[in-house]
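Structural description and commentary
Okay, here's what each chain looks like letter by letter:
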Amino acid sequence: MTASFIAFFVGAATVIYNIDLWSFAKRSGIHFIIMLITVYPILLLSGWFTISTVLDAFQVLIFFVLVGIILWLVMITLAKVFSW
């Protein structure tokens, strides 16, 4: 169920990339903020991570950001390779 919520929010937020009036940096930044507001709390509440302290929540945040950067770089590369 948790993965379904994450997939829903990620999919729903991709429409941001269809707003051609915004710069790519703005679209990426707003997408990140939406993911931070929706997906990060889901991760904290999912039970996938042990959250006992604020440090634990911060470590999940770092993991969230690193995975996000990796996925963003992969998608940018694929978009360039396949001219999306």
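What you see is a predicted model; the values in this text were computed from it and never measured.

What to know about the nonpolar core
Membership of the largest hydrophobic core is limited to 11 residues, which are Ile6, Ala13, Ile16, Met35, Val39, Tyr40, Ile42, Leu43, Ala57, Val60 and Phe64. Where this core is concerned, the elements lending two or more residues are α1 (2–13), α2 (24–45) and α3 (54–82). No other element matches the five residues that α2 contributes to this core. Apart from residues lying up to four places away in sequence, isoleucine 6 is in contact with Val39, Ile42, Leu43 and Trp48.

Some words on the packing of aromatic side chains
Enumeration according to the criterion identifies seven aromatic pairs in this entry. Ring geometry for phenylalanine 32 against phenylalanine 64: centres 6.1 Å apart, planes inclined by 40°, an arrangement best described as tilted. Taken together, the positions of phenylalanine 32 in helix α2 and phenylalanine 64 in helix α3 put the pair 32 residues apart, joining distant regions of the chain. Judged by its relative accessible area of 11%, phenylalanine 64 is buried. Cluster of aromatic residues (ring-pair linked, three or more members): Tyr17, Phe24 and Trp72.

Reading the values: rules and limits
The residue numbers shown here count from 1 along each chain, following its written sequence. Reporting of local features is limited, given that this is a predicted model, to residues whose pLDDT is at least 70; pairs of side-chain atoms are given and counted only at 80 or more, and all residues count toward the totals for whole chains, interfaces and linings. By convention in this description, side-chain values take in all heavy atoms of the structure and omit both hydrogens and water. Think of a nonpolar core as a cluster: buried Ala, Val, Leu, Ile, Met, Phe, Trp, Tyr and Cys residues, connected wherever their side-chain atoms sit within 4.5 Å. Summary of the burial criterion: residues with accessible area below 20% of their type's maximum are buried, those above 50% are exposed, and those between are partly exposed, where the area comes from a 1.4 Å probe applied to protein chains only. The numbering of helices and of strands both runs from the N terminus, where a helix is a DSSP run of H or I of at least 4 residues and a strand a run of E of at least 2. Contacts are residue-level and defined by heavy atoms, with any inter-residue pair within 4.5 Å sufficient. Whether two aromatic rings pair depends on their centres lying within 6.5 Å, for rings of Phe, Tyr and Trp, where Trp uses its six-membered ring; planes under 30 degrees apart make the pair stacked, over 60 edge-to-face, and the rest tilted.

Any functional reading would require information that these geometric values do not contain.
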